Amino acid sequence: MASRLLSFQFPKSLLSATRVYNHSHHLTVFSRCLSTQTGSKNVSCRIDKDVAIIKFDAPKSKVNVLSRDVFSEFTSIFNEAQKNDAVKSIVVMSGKPGCFIAGADISMLGAFRSAEELTKLAQDGQGVLMNVEKCSKPVVAAIMGSCLGGGLEVALACHYRIAVKDKKTVLAVPEVMLGLLPGAGGTQRLPKLAPLPKALEMMLTGKNVRADQARKLGIVDQLVDPIGPGVSFPEQNTLSYLEEVAVGTARQLSLGKLKINRTPPLFQRLMNSFFATNFGLNMVFKKARESVMRQTKGLYPAPLRILDVARIGLEKGSRAGYLAEAQGFGQLGMTTESRALIGLYLGQTACKKNSFGAPKRPAKELAVLGAGLMGAGIAHVSIERGFQVVLKDVSAQGVARGEHQIQKGLSDAVRRKKMTSFEKDKVYSRLFPTTSYDRFNTVDMVIEAVFEDIKIKHRAIKEIEERVPPHCIIATNTSALPITRIAEASKRPEKIIGMHYFSPVDKMPLLEIITTAKTDKDTIASAVDVGLRQGKVVIIVKDGPGFYTTRILAPTLSEAIRLLQEGVGPVELDKASKNFGFPVGAATLTDEVGVDVAAHVAEDLSAAFGARFGGADVNVLKDMVQRGFLGRKSGKGCYLYEANVKERNVNPEMEALLRKYQIAPKKENTQAHIQFRLVTRFVNEAVLCLQEGILASPLEGDIGAVFGLGFPPMKGGPFQFTDTFGAAKLVDKMKELTDLYGVQFTPCQMLLDHAKDPSKKFHKRNN
């Protein structure tokens, strides 16, 4: 039982929780309290008889966020309520049904230039919330909607917490996703409320906890069920009801009629007693540290620091714990890892906005042509987000496979309690599987996901255009075929656009939209709008061989094959790339992409770009294809893939194949040397895409590389990595590699320009 309680799972993607950790709206002017504060806008206070109700409610914003000024205004309001003899208790809540407090205003952290400044920021926040905790009057937090980061720390400082039991009410401390730790008391208060392993799990993963789960953990004291429609919308009615319950509870607490009882069940009391012993404490932290190291390889400093800070508080007391927390926040905030992760968060937020504006006719009904893995995935995410979708394939068997894939995905969501069976049926009812074009005459957009062959794509475009209405946009899902060539078959090329999804579509967040010289602005706006409504992070690139993501991945995989030819084994190659921070090793990635796909792309891009895409012998890939070594999908590639076998073995037949193409290494392939050979080719091609105008900005380049290809998040993407590592150092490395291996390592002109001028940075925040 103890081992189950001590299980930790560090997130595979450090940014997976940022979809709800939204700080894109900034607070500026604050607070009106007890009719004495004037000109304030974001925090208000009114008195209901003897209860002061303090509400966070930022105007023209979907979320409430915290900044230094907000804390200052909140302190003034809270102190006044505390000193007012007519006030016997206090309620802290939000005026927004969907958000209690979404955390700190992340953008403000860029203004701090030293660990000492950030430490002071954390200490100021701690002081504000210590004032709340020590208030002699009962303070009740009424939580509805997202309660994240600093928002949860505000709630934890209150004496009693009430939360609405619905899907939108989630509690979390996701600071680890930004390379930080909770800096306003979270590392000290959370372990005293929740069981220690669960408290550490929350801080180490940043995962959301539902209100009912929080109640079981002891973080929430009381649940309120949502209520339905009435005079107002259901959400507003529920918020009013929550306020009514919170006011009543606060009054009961002040009168002594309600006593706070957080006594856990007997088993949990026994476990808590065990965790309080030196042996128990050592066991918990040892297991947690081992889990962090296993999953992050020590590349992320924040989770390790969280463990240190939490332990200091438990062993040396609150004063030492709070000091360690503030100092940890300050020091982590100045690390390159945190700066990179914050940059990705801000970039992700920017890529969730439509810079082309609202489309003239937002799409309501989509058609997906091709019910294979990609087509079914696109249909899946579309119906989940409210689109009506026609899913067409050439055969009933093809349609049935697509339907099965979608049904399985939805059933998995029910099993994981992401939706109910009723909601699953409602979502699935939006799908219209078919083998005919009959329903295409009403759709607003067709996304074709047929086989990657230009002739098949051309035939599909012609068939679609014969049946769709004039306003309909035709999007092609391709990973490498130039959109301009595909559009040659169209009578209206201004309505043709590329939409490159990543597999599996329901899990990979990126959508790469590709425009041609003839694509009109409204077509782009419509494609971006659909992508955003599908829940995707969207980058927009110009057309060209391989676009952006495929183009920058191809030379990296070429170098991986070259390393295999030089005698570096798949396991060693994977270890080197994963130790740099890639979530998947280079050999495994080749198998996952598909060796046949890699061979096809390698040939096409080598023809387009010449020697720069050389290095490896493409015949290695062709030979693998001929022998049926297609990767995971065929059960053989660099590795063997067997059902229910977790530890993969190297494909022994690959050794014989590679001997045929063996190359003598020109230098010892140490781990560092392998890493730089892979990464410099990746980075150089990314910078070249910016230089040639394929990319509009370094921001989109970093987002595409991290969210589409798994470039190490703690390094922030190829452009952030270049700013941090130093363009001059990178160019020096590349010149050494050019001398050894050839022109494929020649640094592009933009990289040379940045190397010559240290003041040049790809991101202004790095100046």
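Please refer to the structure placed before this passage.
What you are looking at is a predicted structure, and each value in this text was computed from that prediction instead of being measured.

A. Quick look at the overall build of the protein. Regarding its fold elements, the protein presents 30 helices and 21 strands. Compactness check: the protein gives a C-alpha radius of gyration of 28 Å against a globular reference of 27 Å for 767 residues, within 12% of the reference. When the backbone C-alpha atoms are referred to their principal axes, the protein occupies close to 85 × 60 × 55 Å. Residues classed as buried in the protein amount to 56% of the 767 residues present.

B. Structural detail: the pairing of strand β16 (residues 473–476). The alternating pattern of β16 places I473 and A475 and I474 and T476 on opposite faces, both of which are buried. Bridging between strand β15 (residues 445–448) and β16 involves four bridges; their strand directions are parallel. Note that in β16 the partner of E448 across the bridge is T476. As a crossover connection, the stretch from β15 through helix α17 (residues 454–465) into β16 is right-handed. Alignment of β16 against strand β17 (residues 496–501), held across three bridges, turns out to be parallel. Across the sheet, the residue bridging to T476 is G498, located in β17.

C. Representation of the packing of helix α13 (residues 336–350) against helix α27 (residues 698–709) in the model. In the contact formed by α13 and α27, the axes pass within 9 Å of each other and the chain directions differ by 100°. In terms of orientation, α13 and α27 fall into the roughly perpendicular class. Between α13 and α27, the contacting residues are L344, G347, Q348 and A350 on the first element and L699, D702, I703, V706 and F707 on the second. When its residues are assigned to classes, the contact of α13 with α27 shows six nonpolar, two polar and one charged.

D. Structural context of the nonpolar core. By size, the foremost hydrophobic cluster in this structure holds 80 residues, and its most contacted members are I90, V92, L109, L152, L200 and I219. Among residues more than four places away in sequence, those in contact with I90 are A52, I54, F78, A81, Q82, C135, P138, V139, V140 and A250. By size, the runner-up hydrophobic cluster in this structure holds 67 residues, among which are I703, V706, F707 and F762.

E. Looking closely at unusual backbone geometry. Following S503, the chain continues into P504 via a peptide bond in cis, with omega recorded as -5°. Within the secondary structure, P504 sits in the loop between β17 and β18 (510–515). Phi is positive for K297, which is not a glycine, with a value near 55°. Along the polypeptide, K297 turns up in the loop between α10 (278–296) and α11 (301–316).

F. Quick look at the sheet that holds β16. Pairing in this open sheet of eight strands is mixed, and the strands run β14-β13-β12-β15-β16-β17-β18-β19 from one edge to the other. Unpaired on one side and paired on the other, β14 (431–434) and β19 (537–542) mark the two borders of the sheet. This sheet shows a mean twist of 25° between the axes of neighbouring strands, independent of strand direction. Pairing analysis gives five bridges linking strand β12 (residues 365–369) to strand β13 (residues 388–392), with the strands arranged parallel. Along β13, the bridge assignment pairs V368 with L391. In this fold helix α14 (residues 373–384) packs onto β12, β13, β14, β15 and β17, with an angle of close to 165° to the strand it touches most, β13.

G. Expanded view of helix α21 (residues 570–580). Looking at α21, one finds that the buried residues are P570, L573, D574, A576, S577 and F580. Across the axial projection of α21, the buried residues extend over an arc of 165°, all falling on one side. Along α21, the residues that are exposed and aim more than 90 degrees away from the buried face are V571 and K575. If you follow the buried residues of α21, they end up packed against α20 (549–565), α22 (586–593), β20 (639–640), β21 (649–650), α26 (671–691) and α28 (718–725). Looking one or two residues past α21, G581 carries a phi angle of roughly 125°, positive in sign.

H. Region of interest: the side chain of K392. Within the secondary structure, K392 sits in strand β13. One buried charged residue, K392, remains without a salt bridge, the closest side chain of opposite sign being E463 at 5.7 Å.

I. Summary view of the packing of aromatic side chains. Applying the stated criterion across every chain, the model contains 16 aromatic pairs. Arranged with centres 6.0 Å apart and planes meeting at 65°, the rings of F274 and F279 form a pair that is edge-to-face. Using a relative accessible area of 25% as the deciding quantity, one classes F274 as partly exposed. Between the aromatic rings of F676 and F725, the centroid separation amounts to 5.6 Å while the plane-to-plane angle is 50°, which identifies the pairing as tilted. Here the residue F676 occupies a position in helix α26, and F725 occupies one in helix α28, the gap between them amounting to 49 residues.

J. Expanded view of the packing of helix α6 (residues 196–205) against α11. In contact at an axis separation of 10 Å, α6 and α11 are set at 145° when each is read in the N-to-C sense. In this structure, α6 crosses over α11, and the sense of that crossing is right-handed. From α6, L196, L200, M203 and L204 reach across to α11, where they touch P303, I306, L307, A310 and L314.

K. Inspection of a positive patch on the surface at higher detail. Residues K297, K575, K578 and R648 make up a contiguous surface patch of positive charge. Here K575 shows up in helix α21.

L. Focus on the pattern of salt bridges. Tallying each qualifying case throughout the model produces 36 salt bridges. Between D48 and R251 there is a salt bridge, with the nearest N and O atoms lying 3.9 Å from each other. Taken together, the positions of D48 in strand β2 (residues 43–48) and R251 in helix α8 (residues 234–255) put the pair 203 residues apart, joining distant regions of the chain.

M. Summary view of helix α9 (residues 266–275). Listed as buried for α9 are Q268, M271 and F275. All buried residues of α9 project into a common sector of 60° when viewed along the axis, lining one side. Turned more than 90 degrees away from the buried face of α9 sit L266 and L270, all of them exposed.

N. Representation of the environment of I561 within the structure. Within the fold, I561 resides in helix α20. Relative accessible area serves as the criterion here: at 3%, I561 is assigned to the buried category. Between the C-alpha atoms of I561 and A172, which are 389 residues apart in sequence, the distance is 42 Å.

O. Broad picture of the environment of K491. Mapped onto the elements of the fold, K491 is located in the loop between α18 (483–486) and β17. For K491, a relative accessible area of 80% translates into the label exposed. Taking C-alpha positions, K491 is 52 Å from E647, a pair spaced 156 residues apart along the chain.

P. Structural context of the side chain of S291. Position of S291 among the secondary structure elements: in helix α10. Within polar-contact distance, the side chain of S291 engages the side chain of Q295 at 2.7 Å.

Q. Seen up close, the environment of I474. By secondary structure assignment, the location of I474 is in strand β16. Each C-alpha atom of the pair I474 and E448 lies 7.5 Å from the other, and the pair is 26 residues apart in sequence. Not counting chain neighbours up to four residues away, the residues in contact with I474 comprise V446, I461, I464, E465, K495, I496 and I497.

R. View of the sheet that holds strand β5 (residues 99–101). Read across the sheet, four strands follow the order β5-β7-β9-β10 without closing on themselves; strand pairing throughout is mixed. The outermost strands of the open sheet, each flanked by one partner alone, are β5 and β10 (209–210). The pairing of β5 with strand β7 (residues 146–148) spans two bridges and is parallel. Bridge assignment links I101 to a residue of β7, and that residue is C147. Docked against the sheet, helix α4 (residues 150–157) engages β5, β7 and β9 (170–172), running at close to 85° with respect to β7.

Conventions adopted
One numbering rule holds for all chains: residues counted from 1, following each sequence as written. Reporting in this predicted model follows two pLDDT cut-offs: at least 70 for local features of residues, and 80 or more for side-chain atom pairs to be given and counted; totals over whole chains, interfaces and linings ignore these cut-offs and use all residues. Where side-chain values are given, they derive from all heavy atoms of the structure, hydrogens and water being excluded. Only runs of H or I of at least four residues qualify as helices and only runs of E of at least two qualify as strands under DSSP, and these elements are numbered from the N terminus. Only C-alpha atoms enter the radius of gyration; for comparison, a globular chain is expected to reach 2.2 Å times N to the power 0.38, where N is the number of residues. Each residue is assigned to one of three classes by its accessible area relative to the maximum for its type, calculated with a 1.4 Å probe on protein chains only: buried under 20%, partly exposed between the two thresholds, exposed over 50%. Each pair of strands is called paired provided DSSP finds at least two bridges between the two strands. We call a crossover right-handed when, viewed with both strands directed away from the observer, the connection leading from the first strand over the helix to the second proceeds clockwise. In this analysis, axes come from line fits to C-alpha atoms, helices being fitted only over the stretch in contact, and the angle between any two N-to-C directions falls in the range 0 to 180 degrees. Here the angle decides the label: under 35 degrees means roughly parallel, over 145 means roughly antiparallel, 65 to 115 means roughly perpendicular, and every other value means oblique. Contacts are assigned to residue pairs that have any heavy atoms within 4.5 Å of one another. For this scheme, ten residues count as nonpolar: Ala, Val, Leu, Ile, Met, Phe, Trp, Tyr, Cys and Pro. Four count as charged, namely Asp, Glu, Lys and Arg, and the remainder, Gly too, count as polar. Among buried residues, those of type Ala, Val, Leu, Ile, Met, Phe, Trp, Tyr and Cys that are joined through side-chain atoms within 4.5 Å constitute a nonpolar core. This arc is taken over the directions from the axis of the helix to the C-beta atoms. Positive charges come from Lys and Arg alone, negative charges from Asp and Glu alone, with His and the N- and C-terminal ends not counted. Each reported salt bridge corresponds to a side-chain nitrogen of Lys or Arg within 4 Å of a carboxyl oxygen of Asp or Glu. Each pair of aromatic rings taken from Phe, Tyr and Trp, with Trp reduced to its six-membered ring, is defined by centres within 6.5 Å and is described as stacked if the planes are under 30 degrees apart, edge-to-face if over 60, and tilted in the remaining cases. Definitions for this section: a left-handed crossing has its near helix turned counterclockwise from the far helix by less than a right angle. A right-handed crossing has that turn clockwise. A patch consists of residues exposed above 30% relative accessible area that lack any salt bridge, with like charges linked at up to 9 Å and nonpolar side chains (Val, Leu, Ile, Met, Phe, Trp, Tyr) linked at up to 5 Å. Note on areas: Shrake-Rupley with a 1.4 Å probe; residue coverage comes only from the protein chains shown. For the purpose of locating charges, the reference atoms are NZ of Lys, CZ of Arg, CG of Asp and CD of Glu. Think of a polar contact as two N or O atoms within 3.5 Å of one another; within protein, one of them needs to be a possible hydrogen donor and the other a possible acceptor, and neighboring residues in sequence only count if both atoms come from side chains.

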